Amino acid sequence: MVKRSLQASPAGIQRAKRAFALKGWTQENLAGEVNLKTRQPIWRFFTGQPVDRQIFMDICSILDLGWREITDQPPTDFPEPGTAAEAIPADLDELVRQVRSQHRDTIQNQCGILQLLDISHPVSIDDIYVDVNILAEIASQQWFEIADLQNLPPTEFDRVGLGAIEQKQIPGMHVVETYSKLRVLGKPGVGKTTFLQHLAIQCNRGEFAADQVPIFISLREFAEESRRSGEFSLFNTIRQVFVTAGIANSSVLKTLLQAGRVLLLLDGMDEVLNQDSTAVLKEIRKFSDKYYKNRFVVSCRTAAQKLRLRGFTDVEIAPFTQAQITTFAQKWFVALTKTTAESGQNQSAQFIQKLDLSENWQFRQLVVTPLFLHLACWVFQGQGKFPAKRSEFYKQGLDLLLGKWDEARGVERDQVYRGFLLPQKLRLLSQLAAVTFEQGQYFFEQRVIEQYIGDYLRNLPGASLEPEELQLESEAMLKAIEAQHGFLIERARGIFSFPYLAFQEYFTARKIVASHNLRALEQALGGLVSHITDPHWREVFLLTVAMLGSADSLVQLMKQQIDALVAQDPYLQEFLSWASQKSRQIPDETKLATPRAFYLALAKYPNAAADFALACTLDQGVFVDVALENLLLECTTDNCQDFRLTNACSSALNNILVTILDAGFYKSLQQLKDQLPAPGQNGKWLQDWWQKNYPGWVEQLRGTIAHYRNTNHSWQFSPEQQQVLQRYYDANQLLVDCLNSNCEVTAAIRQEIEATLLLPQKELEDREWQGD
């Protein structure tokens, strides 16, 4: 076995010292000649201690000494450079082929498999990888006005280019082929490492950069090894990789580097600890300058991009498109479900179908990165649906960013949070989310968020920071939050936000739920229900009610706030009384709130009557009301100037008469039907009848319906009343959604709320007085 280190014999040390004296150098000079960062290996050489074999040989070469003559017990199994066994082919292409052949298994083992989070077995990269796209511009380097971003609707919060600005996307392979020095940026979990591994495998197969040898280096591991050895040398690290692959001649590496025949993939610049980052950056710069003919790709989180690399082009990995999400899901369910490929395809189709439902748009915010898309697939596989409590899914996602993802990969990061433990970090993030969300700030300037951080730090127990020190601490804290976990990201120059609106909403709800005592919780819940009519707070309500141990107090407060919206308007109260009266005609086994909601909607939105038809299986009378409303709608529409519609009206009345049980009502409708012209009348006669009789006939129909069915009232709401009624209706829908969200509400409270939904104030007071 080839020895990895050599040491000088006593006689060899004396010879080396004489040769060193003739040079007139210091140990630092000699270290520089050998391309070392420190003189520690030189000191070890002259004191007879073991030194890396190649460094030992380089020192001897610089001092014009034969290394075998200086070595203590030189190895016999290590051939001399230039011997037949180590001869370098004159044909450079042949050399590349030889090295790629010897190095192929190393790259395949290093980059060909992935260990996905919470998956017990490795997965082939080919089975899961999806081609990535690159943004034409890095978002955080663009200039925007904060006012341009604040008006974005929630569904556009996470769009590429910040909603209004669509960014062009370029295939990742095209970008790598275009630039010889590339730094690939991206948010946590966007797939930077996997992209570099894919490049290595493609090169290994000759499908990309076929004239180069792929080398993949984890910069975190490189920094750790370099710190232990006392030197930061990419050359020596790569040489050791070659030795492991059976390529012992260091001249081979030099030849390849000098000819530009290496694809060097350096992964995870952001994972290097601060104490090593300067040395690592310096080495990358020096190495890429010296061997500039080669192709370099470095990966780094977007937040750490300030660590510049001269001569490198920065690009950013784009979030997944819908097509990429679909492809990933198809590959995931086929590769990771323990069933047939056909079954996996079926599961992926169900996953995409349910992901596209309107109620799951919050999940669609998150799954634009492979990390969260993997989490969503994993959760869906176990349950066949997305979790009813979105808060549980968000918590798992937050756990990933807060450390589980780093922990799974063995990544240790600098502690810049003033020694904060996890609960303290959560409190800080919850405070930042709540104060910005309360102000309606989804995007905020750097100075604003630093001020909020400073306010939090100032109120910590025992805090006694001077203003300037507090400002510096706030800046450092913001950088740490962005770089380590990605909970705040720079969307444009000097403009920050949470990475997903869902996280800001989750942390806001968590701030409410985590109130430190009962009185504080009551105040927090009271503050929350004051936003009952604000659609931006809808998700915060749903998250809060799901996270509370008992949601009784919150849903009761919501009910009180909703009823108060219309309590002072007599006309709206009359409207609610009419709907309540109509609902009491429905059989007792039906929840009265359901027909009340129907009749409110029927009066508010007559144009939507047809949409309720399928849902109206409550009672035959409700079906009749829908059919009559549709008939009137058909008769009174602005486009209804065609006298031939008399046949359609006659046919509709025939269908309605079959369902009428009231004899008086039946007789009146039959008489109206008999007034219509009989089929077969000529066109001129029909037109004359239409012009003379049709308007009066419609009014008779309207009056008959109002008399017998107590519907088709001409409710005349003012614009202000229409707005109040809409807010009232939407708030009741939110309350129902909260009750149906798997929240912890006692049966008695739930039944009372469901029984009193949409009731007028008088009936509510009567129930309270009767103790019902």
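Right above here is the structure, for reference.
Residues numbered from 1 in each chain as written. Predicted model: local features only at pLDDT ≥ 70, side-chain atom pairs only at ≥ 80, totals over all residues. Heavy atoms only, no water.

## Digging into the overall build of the protein chain
- A tally of helices and strands in the protein chain yields 35 helices and 14 strands.
- Here the protein chain holds 772 residues, and 50% of them are scored as buried.
- Long-range contacts, defined here as pairs at least 24 residues apart, represent 74% of the contacts in the protein chain between residues at least 6 apart.
- Of the roughly 36,400 Å² of accessible surface on the protein chain, a fraction of 49% belongs to carbon and sulfur atoms. (Helix = DSSP H or I, 4+ residues; strand = E, 2+ residues; numbered from the N terminus. Buried < 20%, exposed > 50% of the residue type's maximum accessible area, 1.4 Å probe, protein only. Contact = heavy atoms within 4.5 Å. Areas by Shrake-Rupley, 256 points an atom, 1.4 Å probe, with all protein chains shown as cover.)

## Structural notes on the environment of Ser430
- Mapped onto the secondary structure, Ser430 falls in helix 20 (residues 422-438).
- For the pair formed by Ser430 and Gln504, sequence separation is 74 residues and the distance between their alpha carbons is 8.1 Å.
- Contact partners of Ser430, with chain neighbours within four places excluded, come to Phe507, Arg510 and Lys511.
- Here the side chain of Ser430 touches Arg510 through a polar contact of 3.4 Å, side chain to side chain. (Polar contact = N/O pair within 3.5 Å; in protein donor to acceptor, adjacent residues only side chain to side chain.)

## Some remarks on the side chain of Asp552
- With respect to the helices, strands and loops of the structure, Asp552 is situated in helix 26 (residues 552-566).
- Buried charge without a salt bridge: Asp552, with Arg750 as the nearest opposite-charge side chain at an N-O distance of 7.6 Å.
- Within the structure, Asp552 has its side chain in polar contact with the backbone nitrogen of Thr746 (distance 3.0 Å).
- Apart from residues no more than four positions distant in its own chain, Asp552 is found in contact with Glu744, Val745, Thr746 and Ile749. (Lys, Arg positive; Asp, Glu negative; His and termini not counted. Salt bridge = Lys/Arg side-chain N within 4 Å of Asp/Glu carboxyl O.)

## Brief notes about the sheet that holds strand 11 (residues 313-317)
- The strand order across the open sheet built from 7 strands is 6-5-11-7-10-9-8, with neighbouring strands paired in mixed fashion. Looking at which strands have only one partner, the edges of the open sheet turn out to be strand 6 (169-171) and strand 8 (213-218). Looking at each pair of strands side by side, their axes are set apart by 30° on average, direction ignored.
- The sheet contact formed by strand 7 (residues 181-186) and strand 10 (residues 295-301) spans 6 bridges and is parallel. Looking at strand 10, one finds that Val184 is bridged to Ser299. (Pairing = 2+ DSSP bridges. Axes fitted to C-alpha atoms, helices over the stretch in contact; angles between N-to-C directions.)

## Brief notes about the packing of helix 16 (residues 341-355) against helix 18 (residues 370-383)
- Across the interface, helix 16 lies against helix 18 with an axial gap of 11 Å and an inter-helix angle of 110°. Compared by their axis directions, helix 16 and helix 18 come out roughly perpendicular. Here helix 16 runs over helix 18; the crossing is right-handed. On helix 18, the residues that touch Gln347, Gln350, Phe351 and Lys354 of helix 16 are Leu373, Ala376, Cys377, Phe380 and Gln381.
- Each residue belonging to the contact of helix 16 with helix 18 can be placed in one class, and the counts come to 5 nonpolar, 3 polar and 1 charged. (Parallel < 35°, antiparallel > 145°, perpendicular 65-115°, else oblique. Left-handed = near helix turned anticlockwise from the far one by under 90°. Nonpolar A, V, L, I, M, F, W, Y, C, P; charged D, E, K, R; others polar.)

## Re the sheet that holds strand 12 (residues 444-445)
- Strand order in the open sheet formed by 3 strands is 12-14-13, and the pairing between neighbours is antiparallel. Only two strands of the sheet have a single neighbouring strand rather than two, namely strand 12 and strand 13 (489-492).
- One ladder, built from 2 bridges, connects strand 12 with strand 14 (residues 495-497); its direction is antiparallel. Across the sheet, Phe444 pairs through a bridge with Phe496, a residue of strand 14.

## Some details on the pairing of strand 11
- Where burial is concerned, most of strand 11 is hidden: 4 out of the 5 residues are buried.
- Note that strand 5 (residues 133-135) and strand 11 share 2 bridges and pair antiparallel. Its bridge partner being in strand 11, Leu135 is matched across the sheet by Glu316.
- Summarising the sheet, strand 7 and strand 11 pair through 4 bridges and their orientation is parallel. Note that in strand 11 the partner of Val184 across the bridge is Val315.

## Comments concerning helix 23 (residues 501-513)
- The end-to-end C-alpha separation of helix 23 is 19 Å, in line with the 18 Å expected for 13 residues at 1.5 Å each.
- Counting buried residues in helix 23 gives 10 out of 13 residues, a clear majority hidden from the surface.
- When we look at burial in helix 23, the residues that qualify are Leu501, Ala502, Phe503, Gln504, Glu505, Tyr506, Phe507, Thr508, Ala509 and Ile512. (Expected span 1.5 Å × (residues − 1).)

## Brief notes about the packing of helix 26 against helix 33 (residues 719-739)
- At a minimum axis distance of 9 Å, the contact between helix 26 and helix 33 shows a crossing angle of 165°. The angle between helix 26 and helix 33 falls in the class roughly antiparallel. In the crossing of helix 26 with helix 33, the sense of the turn from one axis to the other is left-handed. Contact with helix 26, carried on its side by Val555, Met558, Lys559, Ile562, Asp563, Leu565 and Val566, involves Val724, Arg727, Tyr728, Ala731, Asn732, Leu734, Leu735, Cys738 and Leu739 of helix 33 and no other residues of that element.
- Of the residues in the contact of helix 26 with helix 33, the class split is 12 nonpolar, 1 polar and 3 charged.

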